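What the coordinates show
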Amino acid sequence: MAIDPEIIPPNSQAGNNAVRQIPKWIIYGGIMFMVLAVVGILKMLLPLILMGLVLALIWKNSAR
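Residues numbered from 1 in each chain as written. Predicted model: local features only at pLDDT ≥ 70, side-chain atom pairs only at ≥ 80, totals over all residues. Heavy atoms only, no water.

Comments concerning the overall build of the protein chain
Secondary structure summary: the protein chain contains 1 helix and 0 strands in total. Sorting the 64 residues of the protein chain into buried and exposed places 0% on the buried side. Summing over all exposed atoms, the protein chain offers an accessible surface of approximately 6800 Å²; the carbon and sulfur share of this is 72%. (Helix = DSSP H or I, 4+ residues; strand = E, 2+ residues; numbered from the N terminus. Buried < 20%, exposed > 50% of the residue type's maximum accessible area, 1.4 Å probe, protein only. Areas by Shrake-Rupley, 256 points an atom, 1.4 Å probe, with all protein chains shown as cover.)

Laid out in structure tokens, this is it:
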């Protein structure tokens, strides 16, 4: 006895409203990647910002 699969005709709209499932590991991996990217950018920019503030303080105090 053969099993006949259910066939949806090509002109049917049954599959257009189907919800696509995204695996949770892709979402968590994306969040982890974004966190690592933000931390990397902050690690690069924070010393530059601090050096700029120190240089501005030195420049301001040397003008006196």
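Some thoughts on a nonpolar patch on the surface
Together, I41, M44, L45, L46, L48, I49, L50, M51 and L53 make up an exposed nonpolar region whose accessible area comes to about 910 Å². By the element assignment, I49 lies in helix α1 (residues 24–62). Of the residues examined, I49 reaches a relative accessible area of 48% and is grouped as partly exposed. (Patch = residues over 30% accessible without salt bridge, like charges linked within 9 Å, V, L, I, M, F, W, Y side chains within 5 Å. Salt bridge = Lys/Arg side-chain N within 4 Å of Asp/Glu carboxyl O.)

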